[in-house]
Amino acid sequence: MSTFRFAVNVTPKPGILDPQGRAVEGSLGHLGIVGVSEVRVGRRVELSVDAVDEPAARAVVQRLAAELLSNPLIEAYGIELLGGTSSTATAGASEAGSR
Amino acid sequence: MTVRIGVVVFPGSNCDRDTARGLTVAGAEPVELWHEQASLDGVAAVVLPGGFAYGDYLRAGVIARFSPVMRAVADFAREGGLVLGICNGFQVLAEAGLVPGALLRNRSLRFLGRDVSIAAERLDTSFTSALGERRALRLPIAHGEGCYYADQDTLDALERDGQVLFRYVAPDGTPAGDDPRHNPNGSLRAIAGVSNAAGNVAGLMPHPERASEAVLGSEDGLGILRSLVESAARRTRGERPVEVGAR
């Protein structure tokens, strides 16, 4: 068994109104920042998984992300491998897992 | 015989006693159902009350969805049992996929605690049959995530199939549209309450139990609770349910 550290990034799907993102965008003028647009505010969940190998660990994260951490009607998610004790794990590897 | 209606109590529910009281006023015997129990104690219908189940962590309603009692509620709903979700209870039902759509953060980003007006779209459902007439009902809201969302195809299907139960309206009953004075949270098509396709599971954001007797300032919500109680009683007597899935 090895331990793998993942991050799951959950963001509002394209087209879903994101009032938080809009509020952040609206504040940029007060900072004198220009040229920033399309701000979307999401959520990042980091977690460790014990599994025999990385694919097995990723499968657990995949299920967790799809069933609990995101609501498929309104949110997309991406899974990011942060590191692992196993030699097969590559720190910083990431994958666009939106659906 | 008085019909027994379950009121689910999650950690963080805070309208369970008000809901039990409202159901009593509406003629039922309320039965508390603890979130850890896997049985519904033979109740004739279930209400998921308002509050902040499991602290509303992650997303409102999502953690509650996985509690033992919700598995029993899902089975009960699948068998045609009547289930009403109020406010946080609506969020739980939406997260569980028992009613269509999702409740997003209010467009204003503010938690809103005030009175709004809603009107029933139809009076031939288990949740509206005792309302008598279509008129504006003045009910309190208290939520941070009440902006009803579903994609355009789903919204069209909901309207076509008569699954929109309540919409926000102006106090005179005219459509609220996107006017934030009357559609408080920015709900698409001003939807305040929906049902599933079969018509036996419904959710709404406003609180009928907080407007269920004169001492609370309004009895406008009593008709909704009474509809549920009478429909549950009819079912207990083996009569044909009121609701029709599609118009």
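Residues numbered from 1 in each chain as written. Chains lettered and ligands numbered in written order. Predicted model: local features only at pLDDT ≥ 70, side-chain atom pairs only at ≥ 80, totals over all residues.

Turning to the overall build of chain A, a few remarks are in order. Helices and strands together make up the secondary structure of chain A, namely two helices and four strands. The secondary structure elements of chain A, listed N-terminal to C-terminal, are β-α-β-α-β-β. The burial tally for chain A puts 19% of its 99 residues in the buried class. Considering only intrachain contacts with a sequence separation of at least 6, the fraction spanning at least 24 residues in chain A is 64%. (Helix = DSSP H or I, 4+ residues; strand = E, 2+ residues; numbered from the N terminus. Buried ≥ 20, exposed ≤ 12 C-beta atoms within 10 Å, placed from the backbone. Contact = placed C-beta atoms within 7 Å.)

This part covers the sheet that holds strand S1 (residues 4-9) of chain B. Residue and element names in this part refer to chain B. Taking strand neighbours across the sheet as the criterion, the nine strands line up as S2-S1-S3-S4-S11-S10-S9-S6-S7 in an open arrangement whose pairing is mixed. Bordering the open sheet on either side are strand S2 (29-34) and strand S7 (137-143), each of which pairs with just one other strand. Neighbour-to-neighbour, the strand axes of the sheet open up by a mean angle of 25 degrees, direction not taken into account. (Pairing = 2+ DSSP bridges. Axes fitted to C-alpha atoms, helices over the stretch in contact; angles between N-to-C directions.)

Looking now at the confidence of the model for chain B. Residue-level pLDDT values for chain B average 95, and 97% of them are 70 or greater. The ipTM value of the predicted complex is 0.82, and its pTM value is 0.90. (pLDDT = per-residue confidence, 0-100.)

Residues and elements named next belong to chain B. Counting buried positions along S7 gives five out of seven residues, so the element sits mostly inside the fold. Examined bridge by bridge, strand S6 (residues 112-120) and S7 share seven bridges and lie antiparallel to one another. Looking across to S7, one finds that Val 116 is bridged to Leu 139.

With that settled, the discussion passes to the interface of chain A and chain B. Taken together, the contact between chain A and chain B spans ten residues of the former and ten residues of the latter. Elements represented by at least two residues in the side of chain A that touches chain B include exactly helix H1 (19-27) and helix H2 (54-69) of chain A. Of the residues forming the side of chain A that touches chain B, the biggest block, three residues, is contributed by H1(A). Among the residues making up the side of chain A that touches chain B, the classes are represented as eight nonpolar, two polar and no charged. (Nonpolar A, V, L, I, M, F, W, Y, C, P; charged D, E, K, R; others polar.)

Residues and elements named next belong to chain B. The backbone phi angle of Tyr 54 is positive, close to 50 degrees, even though this residue is not glycine. Of note, Asp 56 is a non-glycine position whose phi angle comes to about 60 degrees, a positive value. Of note, Asp 56 is situated in the loop between strand S3 (45-48) and helix H2 (62-65).

All names here are of chain B. Mapped onto the elements, Ala 60 comes out in the loop between S3 and H2. As a C-alpha pair, Ala 60 and Gly 89 span 29 residues in sequence and 9.5 Å in three-dimensional space. Not counting residues up to four positions away in its chain, the partners in contact with Ala 60 are Asn 88, Gln 91, Leu 103 and Glu 145.

Residues and elements named next belong to chain A. As paired strands, strand S1 (residues 2-12) and strand S2 (residues 43-51) are joined by nine bridges and run antiparallel to one another. Counted as the bridge partner of Ser 2 is Ala 51 from S2. Note: S1 against strand S3 (residues 75-84), nine bridges, orientation antiparallel. Directly across from Val 8, in S3, lies its bridge partner Ile 79.

The subject of this paragraph is helix H3 (residues 68-78) of chain B. Residues and elements named next belong to chain B. Within H3, burial applies to Val 69, Met 70, Ala 72, Val 73 and Ala 77. The arc enclosing the buried residues of H3, seen along the axis, measures out at 155 degrees, which places them on a common side. The exposed set on the far side of H3, more than 90 degrees from its buried face, consists of Asp 75 and Arg 78. Where H3 is buried, its residues contact S1, S2, S3, H2, strand S4 (82-86) and strand S11 (201-204). Of the residues trailing H3, Gly 80 is marked for its positive phi of about 100 degrees. (Arc of directions from axis to C-beta.)

Residue and element names in this part refer to chain B. With respect to burial, helix H4 (residues 88-95) is a largely interior element, eight of its eight residues being buried. For H4, the set of buried residues is Asn 88, Gly 89, Phe 90, Gln 91, Val 92, Leu 93, Ala 94 and Glu 95. Just downstream of H4, Gly 97 is the residue with a positive phi angle, here 75 degrees.

Turning our attention to the environment of Ala190(B). Residues and elements named next belong to chain B. Take Ala 190: it is sitting in the loop between strand S9 (164-169) and strand S10 (191-195). Looking at Ala 190, the number of C-beta atoms within 10 Å reads 23, which means it is buried. When the C-alpha positions of Ala 190 and Ala 176 are compared, they lie 6.5 Å apart, and in sequence the two are 14 residues distant. In contact with Ala 190, not counting residues within four places along its chain, are Arg 167, Tyr 168, Pro 175, Ala 176, Gly 177 and Asn 183.

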